[in-house]
There are 2 protein chains.
Amino acid sequence: MSHTDRVLLAHGSGGVMMKNLIDEVFYEGYGSDLLLTGDDAAVLQSDALKEGRLAFSTDSFVVSPQFFPGGNIGRLAVCGTVNDVATAGATPLYLSIGMILEEGFELESLKEIVKTIKETALEAGVSIVTGDTKVVERGKADKIYINTSGIGVIPKGVEVSGHRIAPGDKILVSGTLGDHGIAIISQREGLSFSTTIQSDAAPLNHLISDVLKAVPQAKAFRDPTRGGLASTLNEFAEQSGCDIVVEEAAVPVKAEVKAACDMLGYDIFQVANEGKMVIVVPPEDAKAALSALHANPLGKDAAIIGEVKSPRKTEKPLVSLKTPFGSERVLDMLVGEQLPRIC
Amino acid sequence: MSHTDRVLLAHGSGGVMMKNLIDEVFYEGYGSDLLLTGDDAAVLQSDALKEGRLAFSTDSFVVSPQFFPGGNIGRLAVCGTVNDVATAGATPLYLSIGMILEEGFELESLKEIVKTIKETALEAGVSIVTGDTKVVERGKADKIYINTSGIGVIPKGVEVSGHRIAPGDKILVSGTLGDHGIAIISQREGLSFSTTIQSDAAPLNHLISDVLKAVPQAKAFRDPTRGGLASTLNEFAEQSGCDIVVEEAAVPVKAEVKAACDMLGYDIFQVANEGKMVIVVPPEDAKAALSALHANPLGKDAAIIGEVKSPRKTEKPLVSLKTPFGSERVLDMLVGEQLPRIC
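Please read these numbers as outputs of a predicted model, since none were measured by experiment.

> Mind laying out the overall build of chain A, listing which residues take part and the relevant values?
The helix and strand tally for chain A stands at 9 helices and 14 strands. Its C-alpha atoms give chain A a radius of gyration of 21 Å, within 12% of the compact-globule value 20 Å for 343 residues. C-alpha extents for chain A along the principal axes are approximately 65 × 50 × 35 Å. Burial status across chain A gives 62% buried among its 343 residues. Placing the 32 positive and 45 negative side-chain charges of chain A at their respective mean positions leaves the two points 3 Å apart.

See below:
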C-alpha cells in the first residue's frame, strides 16, 4: 500500500489535499444537496421546522475495533445520534459529521465507513448536511473518531422526558440486552462463541415513532448505551425522584450473550446496547406499547420488565432487581470502567 | 498530583464516575437550563425557531498546544462554530460540546477550558444545551479534542452564500491576517518575538450582524481559518465561477506577524485566522460595510482588499494577487501541510 492510500497530515490542511479528500470521499460518499453547497454552515429550511420545537443532540464515537460483527464505527455514529434525537420524541432530520483521522489510516477503510454512514443515514431517513475533517499525527488518535450531531423536529403534542416519569408507570425494553457490548469485546479479545454475536446497532427512530402513534402519552425513551440498562434506569430514577423495580426474569437476553457475560464476568445490566430502547409508559398503556413494539422487526423481542414505584426511602431514589428466586438486589450504576471505548 | 486529579478511563464509562465528572465539571462549569434537564437530547423551543430557516455547522478542534497566547482550545471551539453558523447570516443560539479526553489529562486544565467555554459562550450569546464525553487510553489522543456543533436562526430576508458572489463585488477582511497561526506556531516552537503575538480567536457573530444591518444585501461571509485567506478566496472563486483579484498592499497584517512569517517562511495568505471574516458585498455597498466594521472593536482594522472579476480564462476560476510592484501572482490553495493541528 503506497502512502497515497493512507490519510496524510495534508488531508487536514485546509488546502488542496483536504479539498480532494472532501470531494472524492465525503461528497462522493454521502453528499446531500445541502452538503454540496460548500458553505461553512448548512442552511436548513422546511415547513417541519416552523413547528418551532427541535431536539438537538451530540455524540462522539471512539469505538475499538472500528469494524465489528454487525457494523462499524460509521453505523454506530449515525445510529447513536439518531437514537438520542429520537428519545425526545422527535423526527430526526439532519446530521453533522465531524471526523478526527489519524495520519496513516487506510483510505479504503475510510471509504468503507463513509459508505456505511450513507446507508445507515438512508435507513434512518436523515440527511448529512454539514461536516468537518481534522487529521492528527500518528499516535495522537486511534485510526478514526467520529462526532455526529443531530437535529429533529418534535411533533405537536409530544412531550417526553425522564422528568415526566411517575409511580405506577411501566418500563419496557425494545429487545435483548447486551448484544453490542459482547460483540465488541468478543471481537477485541478474539473470542469465539458457538454463534457470532452481532452488534445490535440500529436506528430506532421509526420504532419510537410507532410507539408514539400507539401511545402518544408515552413518558420517556432512552437508549441504554454506555453503562447499560443500570445507568439508564438510575438516570430515570434521579430525574423522576422515584424508585424503579425490575423483574430480572422478564428482561430479554440472548442465551449466547448471557453465557458470554457469565464467562467474562460482566453484569448484563451494565453492558452497552446500541439498538435498544428503554420506554416508560403509563400502566394502562403498557400493552398497547408492547404491541406496537412487537409489530416492528426491531422490537420483536420487546418486553415489559418493570415498574416505577413511589420512593420508599428518604435517601436517593433506588433501582432494584427482583431475582427469579424472590430476592431483591440494588441495581447500581457501574463503578469504575468495564469496557473502555465500547462506542 | 494524585490520580484523582486526572481524567481516568472510568470517567468515560457511562457509570458513577462519568456522572460525577458531568455534574461537577460540566454542569457546574457551563450548565444551561436545557443541559441540566439530563435528557439525551436538548429540546429547543423559541419563537425565533418558528422562522423555519436554520444554520447548522460542526467543527472539531485538535489544536496543539491546548493553551496559547490569546486563548485555549475551549475559546477556539466556541468561536469556530459560532463563526461558521454566523457566516450563513444566522444568529447563533445553541451549541453542543463533544469532548474526547485522553486518560491522564489534568482535571485542573479541563476545568480551565470549561471556564473559558462558559465565558466565550456568554460573549457570543449562545447556550450550551447538549454534550457528550468520551475517554480514550493514554496515547490514543492528545489531552483533549473538542467538537462543537451549532444552530442559528436566519432572519427573514437574509440570503448569504458563496454562490451569490458576482463580478464587480468587493472583498473585505475584518482585520489583520495571520495572528492565530503565528501565535500557535510561536508557542509550539518556543519562539519569542519583541511582542507576544496573540491568537485573534473571537466570536464574530455580532460583527456580522452589524454588517448585515448596514448592508442587508451582503453576498457572503467566510472565516479564513485553516488554509487562510488563499483557501477562502479559492472556495469563493469556485462557488461563484468568478476570478478574484486582491491588492496585496491593502491586506492588513501586523508588522510582527509579517516579520514572523518572513522569518519562518510562511505565506501570510495561507496562515490560519480564528477571529477574522472575509466579506463580499456589492460594489456600491463596500464603504457602508467598511464603516460598519470600523465601528466595532473587532473590525477596527478592516479593509477593502479586492474585487470579483468576470472569469478571464476558459479554465477554472483564478484568484490572483497584485503586488505593490505592479506584478501579479496566482494565489493558490495550500499544497501539502503547513501547520498541522492549528485549530
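> Now, about the confidence of the model for chain A: what can you tell me, with residues and values included?
In low-pLDDT segments, the atomic positions of the prediction should not be examined closely. In the predicted model, chain A carries a mean pLDDT of 94, and the fraction of residues at 70 or more is 98%. Across the whole predicted complex the pTM is 0.96, and at the interface the ipTM reaches 0.96.

> Before we move on, could you go through the relation of the copies chain A and chain B and cite the residues and values that matter?
For the pair chain A and chain B, the best superposition has an RMSD of 0.0 Å and corresponds to a rotation of 180° with a translation of 0.0 Å parallel to the axis. Those values place the two copies in the arrangement expected of a two-fold rotation axis. Of all interface residues in chain A, 100% are interface residues in chain B too; the two copies therefore contact each other through one and the same surface.

> Can you tell me about the packing of helix α3 (residues 73-86) of chain B against helix α4 (residues 107-124) of chain B, naming the residues and giving the values?
Residue and element names in this part refer to chain B. Close contact between α3 and α4 brings their axes to 7 Å; oriented N to C, the two are set at 30°. Our classification of the angle between α3 and α4 gives roughly parallel. As for how α3 packs across α4, the hand of that crossing is right-handed. In contact with Ile73, Gly74, Arg75, Val78, Cys79 and Val82 of α3, α4 contributes Ile113, Thr116, Ile117, Thr120, Ala121, Glu123 and Ala124. Across the contact of α3 with α4, the residue classes tally to 8 nonpolar, 3 polar and 2 charged.

> Quick one: what's the story with the sheet that holds strand β5 (residues 91-102) of chain B, residue by residue and with numbers?
The strand order β1(A)-β2(B)-β7(B)-β5(B)-β6(B) describes an open sheet built from 5 strands, whose pairing is mixed. Each of the sheet's edge strands pairs with one partner strand only, and the pair in question is β1 (42-45) of chain A together with β6 (127-136) of chain B. Strand-to-strand twist in this sheet, taken as the mean axis angle between neighbours without regard to direction, amounts to 20°. In this structure, β1 of chain A lies alongside strand β2 (residues 53-61) of chain B, joined through 4 bridges in antiparallel fashion.

> Describe the packing of aromatic side chains, with residues and values.
All chains considered together, the criterion is met by 3 aromatic pairs over all chains. Ring geometry for Phe26 of chain B versus Tyr30 of chain B: centroids 5.9 Å apart, planes at 25°, classification stacked. Taken together, the residues span about one helical turn, with Phe26 of chain B and Tyr30 of chain B both in helix α1 (residues 16-30) at a distance of 4 residues. The ring of Phe61 of chain B carries the charged tip of Lys134 of chain A above its face, separated from the ring centre by 5.6 Å.

> Got a sec to walk through the side chain of Glu102 of chain A? Specific residues and values, please.
All names here are of chain A. On the secondary structure map, Glu102 appears in strand β5 (residues 91-102). The buried charged residue Glu102 lacks any salt bridge, with Arg138 as its nearest oppositely charged partner at 6.4 Å. Leave out the neighbours within four places in its chain, and Glu102 touches Val7, Val136, Glu137, Arg138, Gly139, Lys140, Ala141, Asp142 and Lys143.

> Explain the interface of chain A and chain B to me, using residue names and the numbers behind them.
The interface of chain A with chain B comprises 79 residues on the first partner and 79 residues on the second. For the pair chain A and chain B, the two sides together bury roughly 6100 Å², of which 56% comes from carbon and sulfur. Ranking the residues of chain A by area buried against chain B places Asp40, Phe56 and Arg226 of chain A at the top, with a combined share of 13%. Where chain A packs against chain B, one counts 12 salt bridges. Between Arg222 of chain B and Asp39 of chain A there is a salt bridge; the shortest N-O distance is 2.7 Å. Our count for the chain A to chain B interface comes out at 43 residue pairs in polar contact (both at pLDDT 80 or more). In terms of residue class, the side of chain A that touches chain B is built from 31 nonpolar, 29 polar and 19 charged.

> Which residues make up the sheet that holds strand β2 (residues 53-61) of chain A, and what are the values?
Ordered by their spatial adjacency, 5 strands build an open sheet running β6(A)-β5(A)-β7(A)-β2(A)-β1(B), and the pairing between neighbours is mixed. Two strands bound the open sheet, and with one partner strand each, they are β6 (127-136) of chain A together with β1 (42-45) of chain B. Along the sheet, successive strands turn relative to each other by an average axial angle of 20°, direction set aside. Lying over the sheet, helix α3 (residues 73-86) of chain A contacts β2, β5 and β7 (144-153) of chain A, oriented at roughly 150° with respect to β2 of chain A.

Conventions and cut-offs
- Along each chain, residue indices are assigned from 1 in the same order as the chain's sequence is written.
- Chain letters start at A and ligand numbers start at 1, both assigned in the order the entries are written.
- Side-chain atom pairs in this predicted model are given and counted only at pLDDT of 80 or more, local residue features only at pLDDT of at least 70, and totals for whole chains, interfaces and linings cover all residues.
- The basis for every side-chain value is the complete set of non-hydrogen atoms in the structure, without hydrogens or water.
- Put simply, DSSP H or I for four residues or longer makes a helix, DSSP E for two residues or longer makes a strand, and each gets a number counted from the N terminus.
- Using C-alpha atoms as the atom set, the radius of gyration is obtained and then compared with a globule rule of 2.2 Å times the number of residues to the power 0.38.
- A simple rule labels every residue: compare its accessible area, found with a 1.4 Å probe on the protein chains alone, to the largest value its type can have, and call it buried under 20%, exposed over 50%, or partly exposed in between.
- Here the positive residues are Lys and Arg and the negative ones are Asp and Glu; neither His nor the chain ends is included.
- Charge positions come from single atoms, namely NZ of Lys, CZ of Arg, CG of Asp or CD of Glu.
- Every residue gets a pLDDT, meaning the predictor's confidence in that residue, from 0 to 100.
- Here the copies are superposed with least squares, the fitted atoms being C-alpha atoms of residues at a pLDDT of at least 70 in both.
- Throughout, a residue-residue contact means that at least one pair of heavy atoms, one from each residue, lies within 4.5 Å.
- Note on method: axes are straight lines fitted to C-alpha atoms, helices fitted across the in-contact stretch only, with angles between N-to-C directions ranging 0 to 180 degrees.
- To sort the angles, those under 35 degrees are grouped as roughly parallel, those over 145 as roughly antiparallel, those from 65 to 115 as roughly perpendicular, and the leftovers as oblique.
- Crossing handedness: left-handed means the near helix sits turned counterclockwise from the far one by under a right angle, and right-handed means the same turn made clockwise.
- When residues are sorted by character, Ala, Val, Leu, Ile, Met, Phe, Trp, Tyr, Cys and Pro go into the nonpolar class, Asp, Glu, Lys and Arg into the charged class, and all the rest, Gly among them, into the polar class.
- Strands were regarded as paired on the criterion that DSSP finds at least two bridges between them.
- Think of it this way: a Phe, Tyr or Trp ring, Trp meaning its six-membered ring, pairs with another when their centres are within 6.5 Å, and the plane angle makes it stacked under 30 degrees, edge-to-face over 60, tilted otherwise.
- Definition used: whenever NZ (Lys) or CZ (Arg) falls within 6 Å of the ring centre and also within 35 degrees of the ring normal, the charge is taken to sit over that ring.
- The working definition used for a salt bridge is a side-chain nitrogen of Lys or Arg within 4 Å of a carboxyl oxygen of Asp or Glu.
- Defined here as a combined quantity, buried area equals the accessible surface (1.4 Å probe) lost by two parts on assembly, summed across both.
- N or O atoms within 3.5 Å of each other form a polar contact, as long as, within protein, one can give a hydrogen and the other can take it, and as long as residues adjacent in sequence are counted only when both atoms are side-chain atoms.

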